[in-house]
Amino acid sequence: MDTTRTTGAGTRARARRSRRTWSAVGLAAVAALGLTACSDDRAATGPDDSAGQRSTASPPADLAAGQLAPDGQTTEVVSGLEAPWSVVPVGDDGDAFVSERDSARVLELAADGSTREVGKVAGVRHGGEGGLLGLALHDDDLFVYSTAEDGNRIERYDLTGDTGSYRLGEATTVIDGLPANTFHDGGRIAFGPDGMLYASVGDAGQRSEAQDRDSLAGKILRLTPDGEVPDDNPFAGSPVWSLGHRNVQGMGWAEDGTMFAAEFGENRFDELNVIEPGKNHGWPEVEGTGGEDRGFVDPVQQWPTDDASPSGLTVIGDTVFIANLKGESVRAVPASDPSSSTVYFQGEHGRIRTVLPGPDDTLWFVTNNTDGRGDPRDGDDRILSVPLTTAR
């Protein structure tokens, strides 16, 4: 099920004012977007990468027609970030919002690479994997997933100002009291093509509750932007969209509406799953494939935990790009046939937390070497950009 190849040099205004497509390769098809033997519980190391050094990726000769691949030199978009976790574009010129997990700051990244603080999310409790995590933009609001004293929560912030002067306005709670711990906090939020808010909630160390439909631990949730339960959710009155998850940190949709999710395994396999409403993905009863005869959904691809630790995910065209922390790489998977993958930049930039489509047909990827588990290089953490090309 897992056919992996490695390539690259080493084996990257608010809606009402500027809600245009950020990349010609299709932002509409994108959502970016543990401590008990977690696949992300060890510091990963790699070769020294001094500031300004560039790497080059080339698509493999046998890449399937229509697949996107990094092709060319990486360039630095911004450096000096502190444990960045989520990045969401604003407009189409390279402006973005960035969350920093430990500082609880939301930064505005300008097209020239400069940053400024938009605001600091109040009441964030940092510890281990908790803190300020996922961001998502919807209409005129910034949605924020963070860890508070009484659990994880999602808040909606009104944004004031404009490009270069954004500020966080009043906060409204969308949902709170979500299971939290110093590990397995989930934290990815994204709006699907149906306009609904999807959120990944880790098992927070409560393994058995991933199988309990009455618990929100180990689930992917689906809510309206106001935090209500949609009438067409699979379980009446429940925000649960899928269950049996350990720690999902990447979610995205292909152009045909297929939803993908990247998930941390424990000792054996990390997973790429196709998510359908009401389906059970098996954790903790099964890790990786082998659960179909027990009524669980098998992953469409799995990797040894030392090779992956998949975090952020984005779908561009027919390609699923996945950030890998311990694997120190960006992985590309064909959305139409997600049984194989190609690995880029392995070991070149350290831990990679998330990926997203950049402006002008580029891929952005975000390093995560300052989060306490990496080996920081000069200038870390940073956002890097690489051109994308389509195989013919």
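Predicted, not measured: the structure shown is a model, and the values here were computed from it.

A. Focus on the overall build of the chain. Helices and strands together make up the secondary structure of the chain, namely one helix and 28 strands. Here the chain holds 392 residues, and 61% of them are scored as buried.

B. Structural view of the sheet that holds strand β10 (residues 132–138). Across the sheet, four strands lie side by side as β10-β11-β12-β13; this open sheet has antiparallel pairing. Each edge of the sheet is formed by a strand with only one pairing partner; in this case those strands are β10 and β13 (167–178). This sheet shows a mean twist of 25 degrees between the axes of neighbouring strands, independent of strand direction. Looking at chain direction, strand β11 (residues 141–148) and strand β12 (residues 151–160) are connected through eight bridges and run antiparallel. Looking across to β12, one finds that threonine 147 is bridged to asparagine 152.

C. Looking closely at the packing of aromatic side chains. Counting across every chain of the model gives six aromatic pairs. Considering the side-chain rings of tyrosine 198 and tryptophan 241, the 5.9 Å spacing of their centres and the 85 degrees angle between planes classify their relative orientation as edge-to-face. In this pair, tyrosine 198 sits in strand β15 (residues 197–201) while tryptophan 241 sits in strand β17 (residues 240–243), placing the two residues 43 residues apart along the sequence. Taken individually, tyrosine 198 and tryptophan 241 each receive the classification buried, so the pair is uniform in this respect. Members of the aromatic cluster, joined through ring pairs, are Tyr198, Trp241 and Trp253. Taking NZ or CZ as reference, arginine 246 lies 5.4 Å from the ring centre of tryptophan 283, over its face.

D. Up close: empty space enclosed by the protein. Size it by volume and the largest cavity reaches roughly 60 Å³. For the largest cavity, the full set of lining residues is Gly244, Arg246, Glu263, Phe264, Gly265, Glu266, Phe269, Glu271, His281, Trp283, Val286 and Glu287. Of the residues contributing to the lining of the largest cavity, the split by class is four nonpolar, three polar and five charged.

E. View of the pairing of strand β20 (residues 269–275). Here β20 lies mainly inside the structure; five of its seven residues are buried. Note that strand β19 (residues 259–263) and β20 share five bridges and pair antiparallel. Residue pairing across strands places alanine 261 opposite asparagine 273, the latter belonging to β20. Connecting β19 to the antiparallel partner β20 that follows it, the hairpin turn spans five residues.

F. Broad picture of the pairing of strand β8 (residues 105–109). Counting buried positions over the five residues of β8 gives four, a clear majority of the element. Here four bridges tie strand β7 (residues 96–100) to β8, and the two strands are oriented antiparallel to one another. Looking at the pairing, serine 99 lines up with valine 106 of β8. Between β7 and β8, which pair antiparallel in sequence order, lie four residues; one of them, alanine 104, sits at a positive phi of approximately 65 degrees. Here β8 pairs with strand β9 (residues 115–120) via five bridges, running antiparallel. If you follow arginine 105 over to β9, its bridge partner there is lysine 120. The antiparallel hairpin formed by β8 and β9 contains five residues in its connecting segment, where glycine 113 sits at a positive phi of about 90 degrees.

G. Main features of the side chain of serine 99. Looking at the element boundaries, serine 99 is found in strand β7. The contacts of serine 99, once residues within four sequence positions are left out, are Ala83, Pro84, Trp85, Ser86, Arg105, Leu132, Leu133 and Leu135.

H. Inspection of the environment of leucine 313 at higher detail. Looking at the element boundaries, leucine 313 is found in strand β22 (residues 310–316). Owing to a relative accessible area of 0%, leucine 313 belongs among the buried residues under this scheme. Once the C-alpha coordinates of leucine 313 and valine 355 are considered, the two residues, 42 residues apart in sequence, prove to be 6.0 Å apart.

I. Looking closely at the sheet that holds strand β21 (residues 301–304). With antiparallel pairing, four strands are arranged side by side in an open sheet as β18-β19-β20-β21. The sheet terminates laterally at β18 (248–253) and β21, the two strands that pair on one side only. Put simply, the sheet's adjacent strands are angled 15 degrees from each other on average, direction ignored.

J. Inspection of the environment of phenylalanine 183 at higher detail. Among the structural elements, phenylalanine 183 can be located in the loop between β13 and β14 (189–191). Measuring from C-alpha to C-alpha, the distance between phenylalanine 183 and glycine 127 comes to 8.6 Å, with 56 residues separating the pair along the chain.

K. Local environment of the confidence of the model for the chain. Across the chain, pLDDT averages 89, with 86% of residues at or above 70. For residues 9–37, every residue scores under 50 in pLDDT, and the model assigns this stretch 123 contacts once sequence neighbours within four places are set aside. In the model, residues 41–53 has pLDDT below 50 throughout and makes 37 contacts with residues more than four positions away in sequence or in other chains.

L. Spatial organisation of unusual backbone geometry. Cis geometry is found at the peptide bond from tryptophan 283 to proline 284, where omega equals 0 degrees. One can find proline 284 in the loop between β20 and β21. For the bond running from aspartate 380 to aspartate 381, omega is -10 degrees, close enough to zero to count as cis. A positive phi angle is found at phenylalanine 345, which is not glycine, with a value near 65 degrees. Tracing the backbone shows phenylalanine 345 in the loop between β25 (340–344) and β26 (352–358). For aspartate 360, which is not glycine, the phi torsion reads 60 degrees and is therefore positive.

Calculation criteria
Residues numbered from 1 in each chain as written. Predicted model: local features only at pLDDT ≥ 70, side-chain atom pairs only at ≥ 80, totals over all residues. Heavy atoms only, no water. Helix = DSSP H or I, 4+ residues; strand = E, 2+ residues; numbered from the N terminus. Buried < 20%, exposed > 50% of the residue type's maximum accessible area, 1.4 Å probe, protein only. Pairing = 2+ DSSP bridges. Axes fitted to C-alpha atoms, helices over the stretch in contact; angles between N-to-C directions. Phe/Tyr/Trp six-rings, centres within 6.5 Å; stacked < 30°, edge-to-face > 60°. Lys NZ or Arg CZ within 6 Å of the ring centre and 35° of its normal. 1 Å grid on protein atoms, 1.4 Å probe; cavity = no way out; pocket = protein on both sides within 12 Å on 5 of 7 lines; lining within 4 Å. Points joined across faces, edges and corners; volume = space filled by probe spheres on them. Nonpolar A, V, L, I, M, F, W, Y, C, P; charged D, E, K, R; others polar. Contact = heavy atoms within 4.5 Å. pLDDT = per-residue confidence, 0-100.

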